[in-house]
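Spelled out from the first residue to the last, the chains are:
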Amino acid sequence: MPASHTDAIAWGPGGSVRLLDQTALPAEARWLTIASVEAMTEAIRSLRVRGAPLIGIAAAMGLAAEASRLAGEARPPQPSCQGWPTAEWLEAACRRLAAARPTAVNLRHTIERMRRAGLEAMRSGATGPALAQRLRTEAQAIWDEDAAMCQAIGECGQELIAPGARILTHCNAGMLATGGIGTALGAVYVAHQRGKAVSVIATETRPLGQGARLTAWELARAGIPCRVIVDGAAAWMMARHEVDLVIVGADRIAANGDVANKIGTYGLALLANCHRLPFYVAAPRSTFDPASPTGEAIPIEERRASEITGGPQGMNAWNPAFDVTPAALVTAIVTDRGVLRPPFGPAIAALGI
């Protein structure tokens, strides 16, 4: 089956990027036009675009968009800027984008790939529009590859899903988070296409409601039955035997199989283990980080207290965006190269990342 590309992002006029503002969903499908690294960095930080694979794609496209805009200017900002955009601009832009969100390793990998592509093009003599086109081509290749990986994950993951399965998921790991049909939801989509009559239980996913706002909206568009529950209801639902399996995405996976994902994932893994339910993680190869030996090496982003408190002055809060699920609690990791089983260390090493 050919890979489907997400419709949450697109190329816009003049080399710009059209981005679906996910902070406005589900009330409004609002589109942003982005033509600068600064605007894309803000969109990533403010969660207008989110999901580890998609923020990497968006960052790559934002870099290409600014290169196109700069290359089209009548004159460079300084007379000495021959071949504008310059290598100095590229390095600074890549640093800014890579720092937008620290936990998702896809962003770092993607920006490094774009940086290498740009520098190689410059060494080959590409300047101005030719350089911008090279960056756009690389960004499109990154998007195409992610869409293909999502399709492969969906095909592998659906094999773990029995007909009629009631699937619990956390946060959003579908077309709104990736370049294709999604990771965790990719498996759900393919199972649905195969006529397995699956249904989904989406946690609300506090504090920003990515499950209630985004997963439920996305599944409704696809015609897949979905119920939203508050995060605290998952344990009772499992105890009532209303869940058959849990599947989530990932923002970074360490070399030993520890998984960083949206805060609350670790608790669901503990609950699944207690109730003897399979706990699956779905992620492309770009999410694995061999440089992190265990989850302890993964940086965890901490966000504004106001996302929890609503903004009252003087109220203290702790707001980590992610947690780390130990590999021992993970039943299997679904990748675009197949399903990995414990022990994860050798299985991940065999991916050759």
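Structure's up top.
This write-up is about the structure you can find in this document.

Conventions and cut-offs
Residues numbered from 1 in each chain as written. Predicted model: local features only at pLDDT ≥ 70, side-chain atom pairs only at ≥ 80, totals over all residues. Heavy atoms only, no water. Helix = DSSP H or I, 4+ residues; strand = E, 2+ residues; numbered from the N terminus. Buried < 20%, exposed > 50% of the residue type's maximum accessible area, 1.4 Å probe, protein only. Lys, Arg positive; Asp, Glu negative; His and termini not counted. Salt bridge = Lys/Arg side-chain N within 4 Å of Asp/Glu carboxyl O. Contact = heavy atoms within 4.5 Å. Pairing = 2+ DSSP bridges. Axes fitted to C-alpha atoms, helices over the stretch in contact; angles between N-to-C directions. Parallel < 35°, antiparallel > 145°, perpendicular 65-115°, else oblique. Left-handed = near helix turned anticlockwise from the far one by under 90°. Nonpolar A, V, L, I, M, F, W, Y, C, P; charged D, E, K, R; others polar.

### Brief notes about the side chain of D146
Okay, so step 1: Inspection of the secondary structure puts D146 in helix α5 (residues 128-158).
Okay, so step 2: Among buried charged residues, D146 stands out as having no salt bridge; its nearest opposite-charge side chain is R113, 9.3 Å away.
Okay, so step 3: If near-sequence neighbours (up to four positions away) are discounted, D146 is found in contact with P53, I57, T178, G179, G180 and P284.

### Some remarks on the pairing of strand β2 (residues 17-20)
Okay, so step 1: Relative to β2, strand β1 (residues 9-11) runs antiparallel, the two being bridged by 3 bridges. Directly across from A10, in β2, lies its bridge partner R18.
Okay, so step 2: The loop that links β1 with its antiparallel partner β2 comprises 5 residues; one of these, G14, has a positive phi angle of about 65 degrees.
Okay, so step 3: Relative to strand β3 (residues 31-34), β2 runs antiparallel, the two being bridged by 4 bridges. Following the sheet pairing, V17 is matched in β3 by I34.

### Considering the packing of helix α1 (residues 37-45) against helix α2 (residues 52-71)
Okay, so step 1: Running from N to C, α1 and α2 point in directions that differ by 165 degrees, and their axes come no closer than 8 Å. Between α1 and α2, the angle is such that the two are roughly antiparallel. Viewed along their axes, α1 and α2 form a crossing whose handedness is right-handed. Contact residues: α1 offers V37, E38, M40 and I44, while α2 offers I55, A58, A59, G62, L63 and E66.
Okay, so step 2: Grouping the constituent residues of the contact of α1 with α2 by class yields 7 nonpolar, 1 polar and 2 charged.

### A few points about the environment of I224
Okay, so step 1: Here I224 shows up in the loop between α7 (210-222) and β6 (226-229).
Okay, so step 2: Relative accessible area serves as the criterion here: at 4%, I224 is assigned to the buried category.
Okay, so step 3: In the structure, I224 is positioned 98 residues away from A126 in sequence and 48 Å away in space, judged by C-alpha atoms.
Okay, so step 4: Residues within four places of I224 in sequence aside, it is in contact with V188, Y189, H192, V198, V200 and L219.

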